[in-house]
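# Working through the structure, step by step
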Amino acid sequence: QVQLVESGGGLVQAGGSLRLSCAASGGTFSSYFMGWFRQAPGKEREFVAGISWGGGSTVYKDSVKGRFTISRDNAKNTVYLQMNSLKPEDTAVYYCAARHNTATAYTYWGQGTQVTVSS
């Protein structure tokens, strides 16, 4: 069983930056593909970014490419999401998720952290 705990959310003005962290425990972190998702009020949860077990492969939602960077530190069992040039439409609850390398779906989810971008 993997436990995920996000941190780093908050209120920021448009154009600002935030760095989200997700600390994992209870599993072999390097065996998991990690992802960040977000859910805005009244909208479905959507994929934001993902990173392979070794960090060598990343994927992003088109609207965050060039502004967000996902990274991981397997020694610290932590995945990060650096968010720059934030826009009001980035406002959402951000969730960290883990997918085992042998699985096809994300199995473990964090509780979420609120990101609010003011205009």
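We now turn to the structure provided with this report.

The rules behind each value
Residues numbered from 1 in each chain as written. Predicted model: local features only at pLDDT ≥ 70, side-chain atom pairs only at ≥ 80, totals over all residues. Heavy atoms only, no water. Helix = DSSP H or I, 4+ residues; strand = E, 2+ residues; numbered from the N terminus. Rg over C-alpha atoms; globule rule 2.2 N^0.38 Å. Contact = heavy atoms within 4.5 Å. Areas by Shrake-Rupley, 256 points an atom, 1.4 Å probe, with all protein chains shown as cover. Lys, Arg positive; Asp, Glu negative; His and termini not counted. Charge placed at Lys NZ, Arg CZ, Asp CG, Glu CD. Disulfide = S-S within 2.5 Å. Buried < 20%, exposed > 50% of the residue type's maximum accessible area, 1.4 Å probe, protein only. 1 Å grid on protein atoms, 1.4 Å probe; cavity = no way out; pocket = protein on both sides within 12 Å on 5 of 7 lines; lining within 4 Å. Points joined across faces, edges and corners; volume = space filled by probe spheres on them. Salt bridge = Lys/Arg side-chain N within 4 Å of Asp/Glu carboxyl O.

### Some remarks on the overall build of the chain
Of the regular secondary structure elements, the chain holds zero helices and 11 strands. Written out in order from the N terminus, the α and β elements of the chain read β-β-β-β-β-β-β-β-β-β-β. For 119 residues, the compact-globule formula gives about 14 Å, and the C-alpha radius of gyration of the chain, at 13 Å, lands near that figure. For the C-alpha atoms alone, the extent of the chain along its principal axes is close to 40 × 25 × 25 Å. Sequence-distant contacts, at least 24 apart, represent 55% of the contacts inside the chain between residues at least 6 apart. When the accessible surface of the chain is totalled, it reaches about 6,000 Å², and 48% of it is carbon and sulfur. Separation of charge centres in the chain, based on 11 positive and 7 negative side chains, amounts to 4 Å.

### Some points on the state of the cysteines
The tally for this structure, following the rule as stated, stands at one disulfide. Across a sulfur-sulfur distance of 2.1 Å, C22 and C96 are joined as a disulfide pair. Between C22 and C96, the disulfide has an S-S torsion of -75° and is therefore left-handed. With C22 in strand β3 (residues 18-25) and C96 in strand β9 (residues 92-100), this pair connects stretches of sequence that are 74 residues apart. Of the two residues, C22 and C96, neither departs from the other in class, the shared state being buried.

### Some details on empty space enclosed by the protein
Applying the stated criterion to the full structure yields one cavity of 30 Å³ or more. Taken as a whole, the largest cavity encloses approximately 50 Å³ of empty space. Considering the residues around the largest cavity, the lining is formed by V2, A24, S25, G27, T28, F29, Y32, M34, N77 and A98. Among the secondary structure elements, those contributing two or more residues to the lining of the largest cavity are β3 and β4 (32-39).

### Looking at the pattern of salt bridges
All told, the structure shown has five salt bridges when counted by the stated rule. In this structure, R38 engages E46 in a salt bridge whose closest nitrogen and oxygen atoms are separated by 2.6 Å. Where D90 meets R67, a salt bridge forms, and the shortest distance between an N and an O atom there is 2.7 Å. Placement of the pair is D90 in the loop between β8 (78-83) and β9 and R67 in the loop between β6 (58-60) and β7 (68-73), with a sequence separation of 23 residues. We classify R67 as buried; its relative accessible area is 10%. Salt bridges sharing common partners tie together R38, E46, K61, R67 and D90.

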